[in-house]
Amino acid sequence: MSGPVNSRDRILGRVRRALADVREEPGGELPYADAVPRAYLREHGDRTPAETVDLLAANLADYRARVHRCTEDDLPSLLARLLREHGSASLLVPPGLEPGWLAETDVERVEDRAESTPYDLDRVDSVLTGCAVAVAETGTLVLDGGPDQGRRRITLVPDHHICVVRVPEQVVSSVPRALDRLSPGRPLTWISGPSATSDIELDRVEGVHGPRTLEVVLLG
Amino acid sequence: MTIGTGGNAGPTFVGMPAVPTPAFPEAARTAVADPVLRGNLRHATHTIRAKRAAAVAELADWAELREAGRLIKDHTLRHLDTYLVRLEESVTAAGGIVHWAADADEANRIVADLVKATGESEVVKVKSMATQEIGLNEALEAEGIHAYETDLAELIVQLGDDRPSHILVPAIHRNRGEIRDIFRTRMASWGRPAPEDLTDRPAELAEAARLHLREKFLRAKVGVSGANFMVAETGTLVVVESEGNGRMCLTLPETLISVVGIEKIVPTWRDLEVFLQTLPRSSTAERMNPYTSMWTGTTDGDGPRVFHLVLLDNGRTDTLADRVGRQALRCIRCSACLNVCPVYERAGGHAYGSVYPGPIGAILSPQLRGTASEIDASLPYASSLCGACYDVCPVAIDIPEVLVHLRERVVQGGEAVRAGGKVVLRPAKGHAAERAAMRAARLALTHPGALRAGQRLASRTRRFHPRTLPGPGRAWTATRDLPPLPPEPFRDWWQRTNGGKDGAR
Ligand code: SF4
C-alpha cells in the first residue's frame with residue numbers, strides 16, 4: 001500500500017469501473033442462489049453403505065494405497081503386523097489416539113510435541129492416525145487435525161502412514177457429501193493415495209515428498 | 001506437480017521479457033524443427049488426453065458440473081469487488097494479513113519486504129503461476145533472497161536453467177535421459193548432490209529429488225505459495241497438488257506468504273464441491289489428486305504462525321473490463337486445453353513466450369500484458385480455431401471466440417483498458433504486430449494439413465458433448481502426417497523402451 005491512493009482502493013476502483021456494463025444490465029444483480037443453479041448430482045450412483053465401503057476400498061487400492069479390513073478386536077494385532085512388516089522401530093502418535101490400538105506392538109511411541117522440529121519428525125519411521133471422513137468415489141481420506149489425527153506435519157514427514165477409517169460411519173459417497181461434513185475453520189488435508197508425481201514423461205511415480213507408503217485400515 | 005497454481009521461471013522469461021522474445025511463429029518454427037521436443041510433447045499430450053477423457057466419462061453429470069463451474073466463476077467476476085472485500089474480512093478474522101498489489105513490482109516488493117522482516121535469506125516455494133508471472137524469484141534474488149522451487153518439474157526447470165513449457169508439467173519438454181543429466185551435473189551446486197550412479201528410471205530420479213529437497217524443507221522458515229481457490233465466505237485457501245511439496249511449504253515454515261490472483265475467488269465453501277470434482281479430472285486425469293490442502297488463516301499449534309495473503313491484480317482488472325475477453329478469468333489452470341491443442345503439440349510451450357502457454361495463454365497473455373509487443377500481438381494467431389480447447393474446458397471458456405476478438409483488436413485497434421485507464425489502440429497496419437500476424441498466417445499456410453484438419457473440425461466439434469472427447473484429438477492425429485522418426489537421441493530411447501511402453505516400468 002503506497003502513494004496517495006492505496007492499492008486496495010485502486011484495485012477495487014478498477015474492478016468497479018471494469019464492471020460498469022454489468023451493473024447497467026437488467027437482471028445483472030441476481031442473488032447468488034439464483035445465479036448458480038446446481039443441476040449436478042450430490043453423489044454418483046445408488047449404493048448401500050456396504051457397497052460404498054467397497055467402492056472406497058477399490059478406489060484406494062486403485063491409487064496404490066494398501067487396504068486392510070478388520071474388526072475392533074483384531075485391530076491391535078493387525079497394526080502390530082503392519083509396523084513389523086514395514087520394519088518400523090518408532091511410531092508417531094497423535095495425542096488422542098486410542099491407547100488400546102497399540103496394545104500388541106512394542107515399537108517406540110513418539111508423541112508430537114509443540115516443540116518437535118521437522119528434524120525430529122524426520123527420524124520417526126511411521127505415523128498412525130484416524131481420519132475425519134473418507135470419500136468413496138474418489139478414494140480420498142480427509143484429515144482435519146482432530147485429536148486422533150494431530151497436526152498436519154505428522155502425516156507428512158514420516159515415510160509410512162497408517163490411517164484407520166471407521167466404516168461405514170466415516171465414509172461418504174462423494175466430494176459434495178464430504179464438504180457437508182467438514183468444517184472450513186480447521187486445517188484440512190485431503191489424501192488420495194501416496195505422494196506421487198507424473199513430472200517425468202507423465203509416468204506416475206509414487207513417493208516424492210509425502211509418505212511413500214499409505215496403508216488404510218477399514219475398521220468395522 | 002502442483003495443479004494449476006503454478007510454474008517457476010527461468011531467468012529471462014517472466015512478465016515482460018527483458019530480452020526481446022521472438023513472435024510466436026518464429027519460436028514455433030524452432031520448436032517444430034526440434035525432434036526431441038516434438039517427441040516428448042507428442043507422447044505427453046497424447047497420454048494425458050486419453051486418460052482425461054476416461055476420467056471425465058466416469059461422471060454422468062459432467063456437463064452440469066461444467067455449467068455450474070462456469071456460472072460460479074461468472075457470478076464471482078460480476079461481483080468481484082464485493083467478494084474481494086468479503087475475502088479480506090474473513091481472512092483477517094481468521095488471523096491472516098491481507099495485502100493488495102496492483103502490479104508485479106508492487107507484489108514483489110511486498111513479498112521481499114515480508115521475507116526480510118523475518119530475517120531469513122531463503123524461501124521454499126511451491127509452484128505458483130502467479131509468482132512466475134510477476135518474476136518473483138528474480139526479484140527476491142536481487143534482494144539477496146534465494147527462492148527454492150520444490151516441485152519436481154520446477155526443480156528440473158530451475159536446475160536446468162530453463163523455462164517451464166506446460167502449466168501442469170513444466171518439464172514436459174525434457175525426457176528422462178535429459179533429466180538425469182541435469183540432476184547429475186547441477187544438483188551439487190544447489191545442495192545435496194545426486195547419487196553417482198543415478199540412472200534414468202523415473203523412480204530413481206524422484207528419489208534423488210526427494211533427498212535433495214528434504215534438507216531444504218526441514219530447515220525452511222518461510223514458505224511462498226499460490227492458491228487454486230480462495231473462499232470468500234470462510235477465508236479458506238486451497239492448494240491442489242500431487243507430490244507433497246505443497247504440504248511441506250504450507251505447513252513446516254513459520255511464515256507463509258501466498259500470492260494469489262484476484263480472480264481465484266469462489267463465493268462459498270460449497271462451491272469447492274464443483275471444482276474439486278472438475279479440476280483433478282481435467283488436469284491430471286485423476287479422480288482426485290494425491291494431496292489437497294485447505295487452510296483458513298492460522299491455527300494455533302498447527303502450521304505457520306504468520307500468514308500473509310497478497311492479492312494480485314497485474315492486468316486482471318484490465319481483462320475484466322473487456323466484455324468478450326473477461327471470460328478468460330474463469331480459468332482454473334487445469335491445462336486440459338494445452339493437451340488437446342494441435343498447435344501446442346507441435347510448437348511446445350516455450351513458443352508462447354509467456355508463463356501461460358497453449359490456448360489459454362494465447363488469450364490470457366495478450367490481455368494481461370496488452371498487445372504492444374510482437375509476441376503478444378501474434379499470440380491470438382497461435383491457433384487453428386478448431387475448438388477442441390473449448391470442448392474440454394471445465395469452465396467452458398470459449399477460447400476461439402476470444403481469439404477472434406483479440407485478432408480484431410490487433411488488426412483494427414480500438415478501445416482497451418491498460419493499468420486501469422482507457423487507451424485507444426492503433427490498428428496494427430504498419431506495425432510490428434501486423435508483420436507478426438502475417439508470419440503467423442504463413443505458418444498455418446505452410447502446414448496445410450493442420451489448417452485443413454482444423455477447419456474441418458471447427459464445424460464439427462461444437463456439436464460434441466465434452467464427454468465424447470477425445471474425438472477431435474483422435475481425428476486430428478488420424479488426418480495429419482506423422483513425421484518420420486527423428487534421429488538420435490530420441491530414437492534410441494524409443495527403441496529401448498518399446499515406444500515408451502516398457503520405459504514406464
Ligand atoms: S482455459 Fe479451461 S481448459 Fe484451459 S487451463 Fe483454463 S480452465 Fe483449463
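Look up: the structure comes first, before these words.
Cut-offs applied
- Residues numbered from 1 in each chain as written.
- Chains lettered and ligands numbered in written order.
- Predicted model: local features only at pLDDT ≥ 70, side-chain atom pairs only at ≥ 80, totals over all residues.
- Heavy atoms only, no water.
- Phe/Tyr/Trp six-rings, centres within 6.5 Å; stacked < 30°, edge-to-face > 60°.
- Helix = DSSP H or I, 4+ residues; strand = E, 2+ residues; numbered from the N terminus.
- Contact = heavy atoms within 4.5 Å.
- Buried area = accessible area lost by both parts, 1.4 Å probe.
- Salt bridge = Lys/Arg side-chain N within 4 Å of Asp/Glu carboxyl O.
- Nonpolar A, V, L, I, M, F, W, Y, C, P; charged D, E, K, R; others polar.
- Near = heavy atom within 4 Å.

Notes on the packing of aromatic side chains
All names here are of chain B. In this structure the tally under the stated criterion is four aromatic pairs over all chains. With centroids separated by 6.4 Å and ring planes inclined at 70°, the aromatic side chains of tyrosine 148 and tryptophan 190 adopt a geometry described as edge-to-face. Here tryptophan 190 lies in helix H9 (residues 176-190) and tyrosine 148 lies in strand S3 (residues 146-149), a separation of 42 residues in the sequence. Measuring from centroid to centroid gives 5.3 Å for phenylalanine 229 and phenylalanine 275, while their planes differ by 25°, and the two rings are stacked. On the criterion of sequence distance, the pair formed by phenylalanine 229 in strand S5 (residues 229-231) and phenylalanine 275 in helix H12 (residues 272-283) is long-range, its members being 46 residues apart.

A closer look at the interface of chain A and chain B
On the side of chain B, 104 residues touch chain A, which itself brings 79 residues to the contact. Taking both sides of the interface into account, the surface hidden between chain A and chain B amounts to around 8000 Å²; carbon and sulfur atoms contribute 56%. On the surface where chain A and chain B come into contact, there are 13 salt bridges. Where Arg210(B) meets Asp159(A), a salt bridge forms, and the shortest distance between an N and an O atom there is 2.8 Å. Of all the secondary structure elements, the ones that give two or more residues to the side of chain A that touches chain B are helix H1 (7-18), helix H2 (20-24), helix H3 (32-35), helix H4 (49-62), helix H6 (118-122), helix H7 (175-181), strand S9 (188-191) and strand S10 (196-197) of chain A. The dominant element in the side of chain A that touches chain B, judged by the number of residues it contributes, is H1(A), at ten residues. Classifying every residue of the side of chain A that touches chain B gives 36 nonpolar, 19 polar and 24 charged.

Remarks on the site of the ligand
Within the structure, the ligand sits among Cys331(B), Ile332(B), Arg333(B), Cys334(B), Ser335(B), Cys337(B), Ile360(B), Cys393(B), Pro394(B), Val395(B), Ile397(B) and Ile399(B). For the shell around the ligand, the per-class residue count stands at ten nonpolar, one polar and one charged.

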